[in-house]
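Descriptive structure summary
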Amino acid sequence: MAGKNEDIIICRCEEVTLGEIREWIEKGYETFDELKRVLRVGMGPCQGRGCREMILREISAKTKVPVADIHPGTFRPPAKPVKLAVLAEGGDK
Amino acid sequence: MFWRRTADVVVIGAGVQGCSIAYNLAKMGVKDIVVLEKGTICSGSTGRCGAGIRAQWGTEMNCRFGLAAVEKFEQLHDELGMDCGLNQSGYLMVAYKDSEFEQLQKSMKLQNSLGINTRVVTYDEAKEICPGLAAEDAVGFTFHERDGHADPFLTTFAYMEAAKRLGVEFLRFTEVTDVKTVAGRVAGVATNRGDIDAPVVVNAAGGYSQFIAKMAGVEIPNLSERHEILITEPVEPGVCPPMLMSFSGNYYIQQRPHGSIIGGCSPEGHPQDYDLGNSWDFLEMMSRTFVRLLPRTKGVRVVRQWSGLYNMTPDRQPVLCEADNVKGFFLSCGYSGHGFMFGPISGELLAQLILGQEPWIPIGMLHYSRFERGELLIEPAVV
Ligand SMILES: Cc1cc2nc3c(=O)[nH]c(=O)nc-3n(C[C@H](O)[C@H](O)[C@H](O)COP(=O)(O)OP(=O)(O)OC[C@H]3O[C@@H](n4cnc5c(N)ncnc54)[C@H](O)[C@@H]3O)c2cc1C
Ligand code: FES
């Protein structure tokens, strides 16, 4: 694992670096959901669209489980952020 | 893979309760502790909660638990060596009915007598505490500035990491399928990965605690109710600094330090499904509460909604005790909507009970036998 890459930001929404992700995977936080809980990765406005793949690859590198077999984490609605006022009026008409 | 066959203590469930109990036992010198979690750490109610912490309660016991919790959270970072995301901006309680305001004031007198400095605030003061608040229809407010909220994930992980340093083992994806008893004593557990013999087993299984109790032959009347909650995109700080909470208004709303606003309410009826689904009705109702109470959130976007289980007892107060008919089997469950804030304290008190010490806050009345005797604990300030 190249040390100089550690400062690269993997989750832009929550400003989490590759180094932080590797550090917590090393501590046993080996599922996407646990990394999300401890680092907030995937909780930003893009809901993980920008960082999930890269994080799953890091988990795969540590656990030797192919990316396709790793649980991608829980998806929670609404998939597209909606304004409170729109929701209060009964939704996107 | 190595499988341990024995332990001194088995804790079932890695939510805030299980992690706090394990940590406190280890801190008091217990050596061989294992925490079993059927999913991942903090995947139950703890990871889904509003994470509010308050001392504004209506019974002496809960005031003492609440104040102890506030004080504990204030030094938890130092004790556990990890930031728990504590934010103390107070709870602003909003009453919309005269009777409700009278009750808040009655509770406030009790709180004041116990060293909790809750005060009545005017609408103008309320708007200073929460700029942009629109509550013309409210009849009164109380405020306690040491109340607040913390990060439920970080708090639970902080307990786990501190417990691990003291030698506690955590096994994920390990589901307890049976609790073994011999002649009125607990003997261990069976799991999907093998059996573990242990003289002490703790049921901290949150929304599933009634099933674990049943495995041990212990009957508790607990039920699990699905509650929904949502979170917005991060916005500038100061949109909702305190936890806004109202019993009759049926809401709690708070802004996390990173800017997102969290809001939830009690469901209609008592949904008892374990699917943890989300409803459109909740989203619409909660959004209406937001824009009515905090008009400037109109353009703020909701990014996620989810739900979690409230483990309920007939009086919405916890079960924290040793089973009568199964010695060595301890229970910490039934926390309704306040099991996160009580976690640091109940974990300490149960650890004392397990070690045969006198819990420093009396918990005798939290035995489940109170339900049979009809001695319910009536707490007016509960959701
Ligand atoms: C929407 C919502 C909002 C809330 N807001 C607040 C709040 O503001 N303040 C507050 O204090 N509380 C709040 N609560 C309540 C709080 O979340 C709970 O009381 C608390 O988290 C309970 O903690 P626990 O450790 O007992 O349960 P959990 O966190 O549910 O942990 C129990 C664990 O046991 C595991 N388990 C279950 N069965 C088994 C088995 N057979 N084998 C192995 N493991 C098993 C589960 O997977 C789970 O991880 C809220 C709850 C919800 C749902
Ligand atoms: S990049 Fe990670 S949540 Fe948006």
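Residues numbered from 1 in each chain as written. Chains lettered and ligands numbered in written order. Predicted model: local features only at pLDDT ≥ 70, side-chain atom pairs only at ≥ 80, totals over all residues. Heavy atoms only, no water.

Some details on the sheet that holds strand β2 (residues 33–36) of chain B
All names here are of chain B. Spatially, 6 strands are ordered β8-β2-β1-β12-β19-β18 in an open sheet, and the strand pairing comes out mixed. Two strands lie at the open edges of the sheet, namely β8 (169–171) and β18 (319–322), each paired on one side alone. Strand-to-strand, the axes of this sheet are offset by a mean angle of 15°, without reference to chain direction. Two elements, strand β1 (residues 9–12) and β2, share 4 bridges in a ladder whose sense is parallel. When the sheet's bridge partners are listed, V10 is paired in β2 with V34. (Pairing = 2+ DSSP bridges. Helix = DSSP H or I, 4+ residues; strand = E, 2+ residues; numbered from the N terminus. Axes fitted to C-alpha atoms, helices over the stretch in contact; angles between N-to-C directions.)

Looking at the sheet that holds strand β13 (residues 223–232) of chain B
Spatial ordering of the open sheet is given by β3(A)-β17(B)-β13(B)-β16(B)-β15(B)-β14(B)-β4(B)-β6(B)-β5(B), a layout of 9 strands whose pairing is mixed. Edge strands, defined here as strands with exactly one partner in the open sheet, are β3 (82–83) of chain A together with β5 (119–121) of chain B. Pairing of strand β4 (residues 91–95) of chain B with strand β6 (residues 140–144) of chain B, which is carried by 5 bridges, proceeds in the antiparallel orientation. Bridge assignment links M93 of chain B to a residue of β6 of chain B, and that residue is T142 of chain B. Helix-sheet contacts for helix α4 (residues 98–113) of chain B involve β4, β5, β6 and β14 (243–246) of chain B, and the interaxial angle to β4 of chain B is about 140°. (Contact = heavy atoms within 4.5 Å.)

Quick word on the domain arrangement of chain B
Residue and element names in this part refer to chain B. Segmentation of chain B into domains returns domain 1 (9–47 + 153–222 + 315–373) and domain 2 (91–145 + 225–310). Each partner contributes to the interface: domain 1 provides 9 residues, whereas domain 2 provides 5 residues. Where domain 1 abuts domain 2, roughly 580 Å² becomes buried across the two surfaces, and 54% of that area is made up of carbon and sulfur atoms. Area buried by domain 1 at its contact with domain 2 is led by S45, Y208 and S336, which between them contribute 48% of it. (Domains from an automatic or database assignment. Buried area = accessible area lost by both parts, 1.4 Å probe.)

Here we look at the packing of helix α2 (residues 60–74) of chain B against helix α9 (residues 339–354) of chain B
All names here are of chain B. Two numbers describe how α2 lies on α9: the axes approach to 8 Å, and their chain directions differ by 95°. Judged on the interaxial angle alone, α9 and α2 are roughly perpendicular. Where α2 abuts α9, its residues N62, F65, G66, A68, A69, K72 and F73 lie against F340, M341, F342, P344, I345, S346, E348 and L349. In terms of residue class, the contact of α2 with α9 is built from 10 nonpolar, 3 polar and 2 charged. (Parallel < 35°, antiparallel > 145°, perpendicular 65-115°, else oblique. Nonpolar A, V, L, I, M, F, W, Y, C, P; charged D, E, K, R; others polar.)

Considerations on the side chain of R304 of chain B
Relative to the elements of secondary structure, R304 of chain B occurs in strand β17 (residues 301–312). An unpaired buried charge is present at R304 of chain B: no salt bridge exists, and E14 of chain A, the closest side chain of opposite charge, is 6.5 Å distant. Here M43 of chain A takes part through its backbone oxygen, which lies 2.8 Å from a polar atom of the side chain of R304 of chain B. Sequence-distant contacts of R304 of chain B, defined by excluding residues within four places in its chain, comprise G42, M43, Q47, R76, P77 and P78 of chain A together with L230 and I231 of chain B. (Buried < 20%, exposed > 50% of the residue type's maximum accessible area, 1.4 Å probe, protein only. Lys, Arg positive; Asp, Glu negative; His and termini not counted. Salt bridge = Lys/Arg side-chain N within 4 Å of Asp/Glu carboxyl O. Polar contact = N/O pair within 3.5 Å; in protein donor to acceptor, adjacent residues only side chain to side chain.)

Section: the site of ligand 1
Residue and element names in this part refer to chain B. Close contacts around ligand 1 come from 39 residues, with E37, S45, T46, G52 and M341 the closest. T46 has a polar side-chain atom sitting 2.5 Å from an oxygen atom of ligand 1. A51 is positioned such that a nitrogen or oxygen atom in its backbone is 3.2 Å from an oxygen atom of ligand 1. Coverage of ligand 1 by the protein chains reaches 96% of its 1000 Å² of free accessible surface. Elements represented by at least two residues in the shell around ligand 1 include exactly α1 (16–27), β13, β17 and α9. Among the residues forming the shell around ligand 1, the class breakdown is 18 nonpolar, 17 polar and 4 charged. Counting contributing residues per domain, the shell around ligand 1 is built from domain 1 (9–47 + 153–222 + 315–373) and domain 2 (91–145 + 225–310), each supplying no fewer than three. (Near = heavy atom within 4 Å. Areas by Shrake-Rupley, 256 points an atom, 1.4 Å probe, with all protein chains shown as cover.)

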